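Report on the structure
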Amino acid sequence: MMAVGICFLVVQVITFLFLYPMLIVGKWEDEQLEQLFEKKREAEGRKELEDKMESQREVLRMIEKEIRKGSAPVRFAGMGFTEETYHLVESQAKMNQLLDYFFRTGEFAALTDKQVRSNVYMDAGFKKVNFRNAASELDRRNMETAAKRWIKKKHPSFDGDVYVENVRFFLEFLEEEREKRECTVNGEKLTALIFSRKHLSGLYMQCLVHRKEAMQHMEKLEGFSEVCNRIYRLEDVDVLFQCMLLDQMEWEDGKLYGHFSTVYLLR
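For clarity, every value in this text was computed on a predicted model and none was experimentally measured.

Turning next to the pattern of salt bridges. Per the counting criterion, the structure on display carries 14 salt bridges. We note a salt bridge from Glu165 to Arg211, for which the minimum N-O separation is 2.8 Å. Note that Glu165 is positioned in strand E5 (residues 162–172) and Arg211 in helix H5 (residues 197–212), a separation of 46 residues in sequence. Arg211 matches Glu165 in its accessibility class, with the two residues each being buried. The residue Arg267 makes a salt bridge to Asp238 at a minimum N-O spacing of 2.5 Å. With Arg267 in the segment after strand E9 (255–266) and Asp238 in strand E8 (residues 237–252), this residue pair connects regions lying 29 residues apart in the sequence. A relative accessible area of 55% places Arg267 in the exposed class. Look at Asp238 and you get partly exposed, because its relative accessible area is 23%. One network of salt bridges, in which partners are shared, links Asp123, Arg132 and Asp139.

Right, let's get into the pairing of E5. In terms of residue burial, E5 counts as a mostly covered element, since 8 of its 11 residues are buried. Sheet topology places strand E1 (residues 75–80) next to E5; 4 bridges connect them, and they run antiparallel. Across the sheet, the residue bridging to Phe76 is Leu171, located in E5. Pairing of strand E2 (residues 86–88) with E5, which is carried by 3 bridges, proceeds in the antiparallel orientation. Bridging from a neighbouring strand, Tyr86 pairs with Glu165 of E5. Pairing of E5 with E9 involves 10 bridges; the strand directions are antiparallel.

A probe as big as a water molecule, rolled over the atoms, marks out the empty space that is left. Volume-wise, the largest pocket comes out at about 700 Å³. Contributing to the lining of the largest pocket are 23 residues, with Gln115, Leu190, Thr191, Ala192 and Leu193 lying nearest its centre. Contributing elements (two or more residues each) for the lining of the largest pocket: strand E6 (182–185), strand E7 (188–191) and E8. Here the lining of the largest pocket gets 5 residues from one element, more than from any other, and that element is E8. Split by residue class, the lining of the largest pocket holds 11 nonpolar, 4 polar and 8 charged. Considered as a void within the structure, the second largest pocket measures approximately 470 Å³ in volume.

Moving on to the packing of aromatic side chains. Inspection of the entire model under this criterion finds 11 aromatic pairs. Measuring from ring centre to ring centre gives 5.4 Å for Tyr101 and Phe108, while their planes differ by 80 degrees; the resulting arrangement is edge-to-face. Taken together, the ring pairs in this structure connect Tyr101, Phe102, Phe103, Phe108, Tyr121 and Phe241 into an aromatic cluster. One cation-aromatic arrangement involves Arg104 over Tyr101; the distance from NZ or CZ to the ring centre is 4.7 Å. Taking NZ or CZ as reference, Arg168 lies 4.2 Å from the ring centre of Tyr257, over its face.

With respect to burial, E9 is a largely interior element, 10 of its 12 residues being buried. The pairing of E8 with E9 spans 11 bridges and is antiparallel. Along E9, the bridge assignment pairs Gln242 with Thr262. Hairpin connection from E8 to E9: 2 residues lie between these consecutive antiparallel strands, with Asp253 at a positive phi of about 50 degrees.

Let's shift gears to unusual backbone geometry. Positive phi is not limited to glycine here, since His155 has a value of about 55 degrees. Topologically, His155 is positioned in the loop between helix H3 (137–153) and E5. By relative accessible area, which is 68% here, His155 ends up exposed. One non-glycine residue, Asp236, lies in positive phi territory at about 55 degrees. Counting through the fold element by element, Asp236 comes out in the loop between helix H7 (226–232) and E8.

Turning our eyes to something else, we now look at the nonpolar core. In this structure, Phe169, Leu171, Phe195, Met244 and Phe260 are the most contacted members of the largest nonpolar core, which totals 24 residues. Elements that contribute at least two residues to this core include exactly helix H1 (2–68), E1, E5, H5, E8 and E9. A total of 5 residues in this core trace back to one element, the largest contributor, which is H5. When near neighbours in sequence (up to four residues on either side) are disregarded, Leu171 contacts Val74, Arg75, Phe76, Ala77, Leu203, Leu246, Met249, Lys255 and Leu256. Residues Met95, Phe103, Val116 and Met122 belong to the second largest nonpolar core, which totals 23 residues.

So, how was this worked out
Residues numbered from 1 in each chain as written. Predicted model: local features only at pLDDT ≥ 70, side-chain atom pairs only at ≥ 80, totals over all residues. Heavy atoms only, no water. Salt bridge = Lys/Arg side-chain N within 4 Å of Asp/Glu carboxyl O. Helix = DSSP H or I, 4+ residues; strand = E, 2+ residues; numbered from the N terminus. Buried < 20%, exposed > 50% of the residue type's maximum accessible area, 1.4 Å probe, protein only. Pairing = 2+ DSSP bridges. 1 Å grid on protein atoms, 1.4 Å probe; cavity = no way out; pocket = protein on both sides within 12 Å on 5 of 7 lines; lining within 4 Å. Points joined across faces, edges and corners; volume = space filled by probe spheres on them. Nonpolar A, V, L, I, M, F, W, Y, C, P; charged D, E, K, R; others polar. Phe/Tyr/Trp six-rings, centres within 6.5 Å; stacked < 30°, edge-to-face > 60°. Lys NZ or Arg CZ within 6 Å of the ring centre and 35° of its normal. Core = buried A, V, L, I, M, F, W, Y, C linked by side-chain atoms within 4.5 Å. Contact = heavy atoms within 4.5 Å.

Structure representation (C-alpha cells):
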C-alpha cells in the first residue's frame with residue numbers, strides 16, 4: 001500500500017515538473033498578450049486624440065483663412081452655462097413656438113434682420129442631417145418645416161422628456177477691430193460684422209466640439225437638478241434640434257456672445 005502511495009506521489013511530482021514550465025510559459029504569454037492589447041489601446045487613444053487635435057487645428061486654419069479674406073475677425077473663446085440654460089418643453093405647442101423663435105418666424109418674425117443669415121440651423125430635409133445657414137427666407141421656413149417633421153418622427157411625449165438647452169458661446173473681438181467696424185444707423189452706433197459661410201461652419205464645429213467636451217472643464221453644474229446634469233453629461237439623450245444664433249449678439253466683459261441651442265429628447 002505504501003509502495004502504491006509512493007508511486008502515486010512520484011507520478012504527481014513528475015506531472016508537476018512536466019506541466020510547470022508550460023504553466024509559466026502560458027502565464028508569460030497571457031501577460032505579453034495583455035501588454036500588447038494595452039499598447040494597442042494606448043496607440044488607438046493617441047491616434048484618436050491626434051486626429052481630433054488635427055481636426056480642430058484644421059478648423060482654426062480655415063477660420064484664420066476666412067478672416068484674412070475679409071470675414072469678421074472674431075474667434076471662438078469658450079462657452080458659459082447660466083441659471084437660464086435649461087428649460088422644460090412641456091407641449092407640442094411650446095415646441096412649435098420655440099422653433100418659430102429659433103427661425104424668427106410667426107410671432108417672432110419682427111426679430112428678423114439682415115444678420116439672420118448668420119444663424120446656423122439643423123437641416124433635416126434630407127436623409128442625412130446637415131447644419132447650415134439659410135440662403136433665403138423661404139429656405140429658412142422650409143428648414144423649420146423639415147425640423148417639425150423630424151421631431152414628430154422621434155415621437156416625444158412632452159411629459160418631462162423634452163428640454164431645451166441654451167448655452168452662451170463667446171467670441172473674441174479686439175477693440176481696435178471693433179472701432180474699425182463701427183457704423184451709425186438711424187442715429188444708433190452699431191458694429192457691422194460680415195461672416196463667410198465657411199467661417200460660420202467653423203464656429204459651429206467649435207461650439208459642437210466644446211459642448212461635447214464640456215465635462216472636461218467642469219464635471220457638474222452646481223445648483224442644477226439631476227435631470228439637467230444628466231443632459232449636461234449627454235447621458236441617454238437624442239438631439240431633436242440644434243442651432244447657433246448670431247443675429248442678436250450681446251457684449252459681456254469685452255467679449256461678444258451668441259447662443260448655441262439644443263433641444264434634447266430624454267430616452
